[in-house]
Amino acid sequence: MNVQVIGGGMSVQYPIHMEIAGRVCVVIGGGRVAERKAHVLLQAGAHLIVIAPTLTNLLYQEASTGCFFWLAQPYEAGFLQRVRPFLVFCTADNRKVNRMAAEEARAAHALVNVADEPGLSDFFVPASIRRDRFLLTIGTGGLSPAFSRSLREQLEQAFPPAFGLWIERLSAIRQEMKEKLPTSDDRQAFWRMALSRDIMELVKAGRLNRAEVMIRHAIIDFRPKS
Ligand SMILES: C[C@@]1(CC(=O)O)c2cc3[nH]c(cc4nc(cc5[nH]c(cc(n2)[C@H]1CCC(=O)O)[C@@](C)(CC(=O)O)[C@@H]5CCC(=O)O)C(CC(=O)O)=C4CCC(=O)O)c(CCC(=O)O)c3CC(=O)O
Ligand SMILES: NC(=O)C1=CN([C@@H]2O[C@H](COP(=O)(O)OP(=O)(O)OC[C@H]3O[C@@H](n4cnc5c(N)ncnc54)[C@H](O)[C@@H]3O)[C@@H](O)[C@H]2O)C=CC1
């Protein structure tokens, strides 16, 4: 079969929320940047290995309680070939070490993030707001990480903890609607109508019961096309 690869050439990034639970991920370096990357990896359930001669105090405590495996030494060539990780983060404060590790990671078919040379990265880490399964991410294509952070700080308060519970409730109603409305077009029309601004305001105010009642009223009023 003759397969043609079509497209490519655009220099904007593809947004993706990745499942990494149980996958082996390696962070090289144990400083402030490593700490940020490691925490998001641990939250997502990665099997984390950190390779660094020194750790921040917080990472040291976490390593001591078994949150991740700490290889307490400088990065050594050959390690990534043996471990074959899924994701590799090069965050040493040494450009040569990061470059060498990135090259080896790529040879081992891992996806690589290089903290001091964005041009060598397969992906960037966005700023994020998480409320359980709800996840909002912000990126600038590497142009201004400080802007990503500042916007994240400004948006935090617009997403109260109730968001996590709310999407769990929506998921339950969604399952019910799959039975009530058999066609995908009707379900799409229903949710576009039901998730109104009023509902969003109720959720933001933590009034989840009231918001759910309004959605359930919308179910009664909804007239499917098919
Ligand atoms: C390309 C990318 C690669 C990657 O790391 O994935 C990258 C690269 C670099 N960052 C640098 C600096 C800073 N990074 C931050 C903060 C964050 N950086 C993050 C991501 C990313 N940073 C990716 C692009 C994301 C995007 O597209 O916007 C965040 C969002 C996520 C996270 O790291 O977890 C996290 C905020 C988390 C939060 O709080 O919400 C701050 C602000 C601060 O710390 O206050 C500064 C100082 C100010 C400044 O320089 O802007 C430098 C120069 C280093 C140097 O000068 O030595 C490089 C290298 C270069 O640009 O050459
Ligand atoms: N991408 C990003 O978000 C950012 C990237 N940076 C860049 O990231 C790098 C790290 O910054 P910080 O974490 O603030 O530095 P840091 O000084 O807090 O930590 C450096 C870490 O690298 C480790 N290290 C040094 N040599 C090593 C080796 N051979 N093998 C393994 N680990 C080694 C040290 O033990 C230490 O844990 C710098 O190059 C900095 O320019 C800085 C800020 C943000």
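About the criteria used
Residues numbered from 1 in each chain as written. Chains lettered and ligands numbered in written order. Predicted model: local features only at pLDDT ≥ 70, side-chain atom pairs only at ≥ 80, totals over all residues. Heavy atoms only, no water. UniProt positions renumbered as here; feature names shortened; annotations may be inferred. Helix = DSSP H or I, 4+ residues; strand = E, 2+ residues; numbered from the N terminus. Domains from an automatic or database assignment. Pairing = 2+ DSSP bridges.

Asker: I tried to follow the UniProt feature "domain: Sirohaem synthase dimerisation" (unreviewed entry) in the protein chain on my own but got confused; where do I start?
Answerer: Mapped onto this structure's residue numbering, the UniProt feature "domain: Sirohaem synthase dimerisation" (unreviewed entry) falls at residues 163-219. For residues 163-219, the end-to-end C-alpha separation is 21 Å, with 86% helix and 0% strand making up the annotated structure.

Asker: Got a minute to help me understand the domain arrangement of the protein chain in this structure?
Answerer: It is common to give the size of an interface as the accessible area lost on bringing the parts into contact. Examined at the domain level, the protein chain breaks down into domain 1 (24-125) and domain 2 (161-221). Distance between the C-alpha centres of domain 1 and domain 2: 41 Å.

Asker: Explanation requested: unusual backbone geometry in the structure shown.
Answerer: Most peptide bonds adopt trans geometry, and most residues besides glycine take a negative phi value. Unusually for a residue other than glycine, His 109 sits at a positive phi of about 65°. Structurally, His 109 is set in the loop between α4 (95-107) and β5 (111-114).

Asker: Any chance you could explain the pairing of strand β7 (residues 134-138) here in plain terms?
Answerer: Regular strands place their side chains on alternate faces of the sheet. Where strand β6 (residues 127-131) and β7 come together, 5 bridges link them in antiparallel fashion. For Ser 128, the partnering residue across the bridge sits in β7 and is Thr 137. Counted between consecutive antiparallel strands, the loop separating β6 from β7 contains 2 residues, among which Asp 132 sits at a positive phi close to 60°.

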